[in-house]
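Examination of the molecular architecture
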Amino acid sequence: MLPRSHEMRVYGGIKLYAGTSFPDLAQKIADHLGEELCGRDIVLFPNDNLFVKLHGSVRGQDVYVIQTTSAPVQRNLMELLIMLQTLRLDSAARITAVIPYLCYGRSDKKDQPRIPITSRLVADMIEVAGADRYMTLDPHAGQVQGFFSIPGDVLTASHLITDYVNQNIRPDLTDPVVVTVDLGYAKKGRNIASDIDVPIAFIEKRRAANDASAEALTIIGSVKDRDVILVDDEIDTGGSAAQAVHLVKEGGARRVYVVFVHPVFSANAAERLAALPVTKFITTDTVPLPPEKRALLGDRLTVISVAPLLGEVIRRAHEGRSVGEMFNE
Ligand code: R5P
């Protein structure tokens, strides 16, 4: 095993690298920092093996690799791992994996026999590949932080979303209520409700099978004659959101807004969402959204960029300054 580069405790300049998963976001982060993205080759050989080569040396530098791990998940994850190892073998002083959307977050516990905890495996792989630190946004569950033994900045984009809601939507709402799409999001939902200064209600959801299907069962709290802000960490197939929207509408909700951090939008999620009686969908750019999926939601979709947030946290990490200060912590 090679020595951990953070043991050198000498960090040179900042170097930003991007994988191929989301070049636009990486460029926005670089622009925020006033830095260039460093050159590298990423080649997929005919035998489906990936090859990475850096254009310049990173010896002694403070390196950040920006790679979101949405679909194609296996490709994007492997690319990240190979980039981390390349940087480590080139003697970077410190390497931070910047992962706006961390894959396999929902495989975070052994809640039935004979299943893996893949989220833990992903954390181990990132560490073994060479990361000294990691940075991510709104992982599916808090315990993901405990799967890493390297330090990390586990951030939330919920401040960006609540600021947007407070400035653009909140003034027009009638008797608003925040409703979490499931009980797993109750704690974060409560923080969002408190930031918007509205009451909270919850949906009890169950997944009976190991597939994408979910069943929204009951609403705990009142939505009758109220504008509803449905909140969740991600929309994957859109099944949970669709069920939740129908449930609150049946419960007498007026307008419905759907707010979520990660627009995973697998399969026909965008079509499914487009058909819902929802006034607005508010999300972020932790995951790239192809133009055809955006077009389906048209003006009803607002995407808030996380680039300034990630850029600022990278700057502070590089300068050894507090990140908590940004959130008055
Ligand atoms: C699951 O527990 C999460 O909080 C989301 O509700 C889930 O990932 C959404 O998945 P889908 O859109 O496929 O229902």
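Structure first, text after, so check above.
In this text, all values refer to a predicted model and were calculated from it rather than measured experimentally.

As a further point, take the site of the ligand. The ligand sits among 14 residues. The nearest are D232, D233, T237, G238 and S240. For the ligand, an oxygen atom lies 3.1 Å from a polar atom in the side chain of R106. In this structure, an oxygen atom belonging to the ligand sits 2.5 Å away from a side-chain N or O atom of T237. Judged by its atoms lying within 2 Å of the grid points, the ligand is housed in the largest pocket. Among the secondary structure elements, those contributing two or more residues to the shell around the ligand are β11 (228–235) and α7 (239–250). Of the residues that constitute the shell around the ligand, the class distribution is 1 nonpolar, 5 polar and 8 charged.

Here the focus is unusual backbone geometry. Note the cis peptide between A71 and P72, where omega equals 0°. By secondary structure assignment, the location of P72 is in the loop between β4 (62–66) and α2 (73–89). One non-glycine residue, D225, lies in the positive phi region at around 60°. One non-glycine residue with positive phi stands out, namely A267, at about 45°. Counting through the fold element by element, A267 comes out in the loop between β12 (256–263) and α8 (269–274).

Spatial ordering of the open sheet is given by β1-β4-β5-β6-β7, a layout of 5 strands whose pairing is parallel. Looking at strand neighbours, the two that pair on one side only are β1 (14–18) and β7 (152–155), the edges of this open sheet. For this sheet, the mean inter-axis angle between neighbouring strands, taken without regard to orientation, is 15°. Docked against the sheet, helix α10 (residues 307–319) engages β1, β4, β5 (94–99), β6 (133–137) and β7, running at close to 155° with respect to β6.

Taking every second residue as pointing to the same face, the buried face of strand β3 (residues 50–54) carries L50, V52 and L54, while none of F51 and K53 on the other face is buried. Count of turn residues in the strand β2 (residues 40–44)/β3 antiparallel hairpin: 5 residues, of which D48 carries a positive phi of about 75°.

What follows is about helix α6 (residues 186–196). Those residues of α6 lying buried are G189, I192, A193 and I196. The buried side chains of α6 occupy one side of the element, clustering within an arc of 100° when seen end-on. Seen from the open side of α6, the exposed residues pointing more than 90 degrees away from its buried face are K187 and S194. Of the residues trailing α6, D197 is marked for its positive phi of about 65°.

Along the chain, the position of T86 falls in helix α2. Judged by its relative accessible area of 18%, T86 falls in the buried class. With near-sequence residues (within four places) excluded, T86 lies in contact with V52 and L54.

Where helix α1 (residues 23–33) meets α10, the axes come as close as 8 Å, and the angle between the chain directions of the two elements is 55°. In terms of orientation, α1 and α10 fall into the oblique class. Where α1 crosses over α10, the handedness of that crossing is right-handed. On α10, the residues that touch L25, K28, I29, H32 and L33 of α1 are A307, P308, L310, G311, E312, I314 and R315.

Before going further, it helps to examine the environment of E36. By the element assignment, E36 lies in the loop between α1 and β2. Put simply, E36 and T20 are 16 residues apart on the chain and 16 Å apart in space, counted from C-alpha to C-alpha.

By rolling a water-sized probe across the atoms, one finds the places where empty space is left. Tallied over the full model, the rule gives 1 cavity of 30 Å³ or more. Considering only enclosed or pocket space, the largest cavity measures out at about 30 Å³ in volume. Lining the largest cavity, in full, are G19, S21, F22, L25, I66, Q67, T68 and P100. Looking at the lining of the largest cavity residue by residue, the classes come out as 4 nonpolar, 4 polar and no charged.

A few words on α2. Its 17 residues place the ends of α2 24 Å apart at the C-alpha level, agreeing with the 24 Å of an ideal helix rising 1.5 Å per residue. The set of residues buried in α2 consists of N76, L77, E79, L80, L81, I82, M83, L84, T86, L87 and R88. Of the surrounding elements, those touching the buried residues of α2 are β1, β2, β3, β4, β5 and α3 (118–129). Directly after α2, the chain includes S91, whose backbone phi takes a positive value near 65°.

Conventions adopted
Residues numbered from 1 in each chain as written. Predicted model: local features only at pLDDT ≥ 70, side-chain atom pairs only at ≥ 80, totals over all residues. Heavy atoms only, no water. Near = heavy atom within 4 Å. Polar contact = N/O pair within 3.5 Å; in protein donor to acceptor, adjacent residues only side chain to side chain. 1 Å grid on protein atoms, 1.4 Å probe; cavity = no way out; pocket = protein on both sides within 12 Å on 5 of 7 lines; lining within 4 Å. Sits in = over half its atoms within 2 Å of the grid points. Helix = DSSP H or I, 4+ residues; strand = E, 2+ residues; numbered from the N terminus. Nonpolar A, V, L, I, M, F, W, Y, C, P; charged D, E, K, R; others polar. Pairing = 2+ DSSP bridges. Axes fitted to C-alpha atoms, helices over the stretch in contact; angles between N-to-C directions. Contact = heavy atoms within 4.5 Å. Buried < 20%, exposed > 50% of the residue type's maximum accessible area, 1.4 Å probe, protein only. Arc of directions from axis to C-beta. Parallel < 35°, antiparallel > 145°, perpendicular 65-115°, else oblique. Left-handed = near helix turned anticlockwise from the far one by under 90°. Points joined across faces, edges and corners; volume = space filled by probe spheres on them. Expected span 1.5 Å × (residues − 1).

Note that all results are geometric; they support no functional claim without further evidence.
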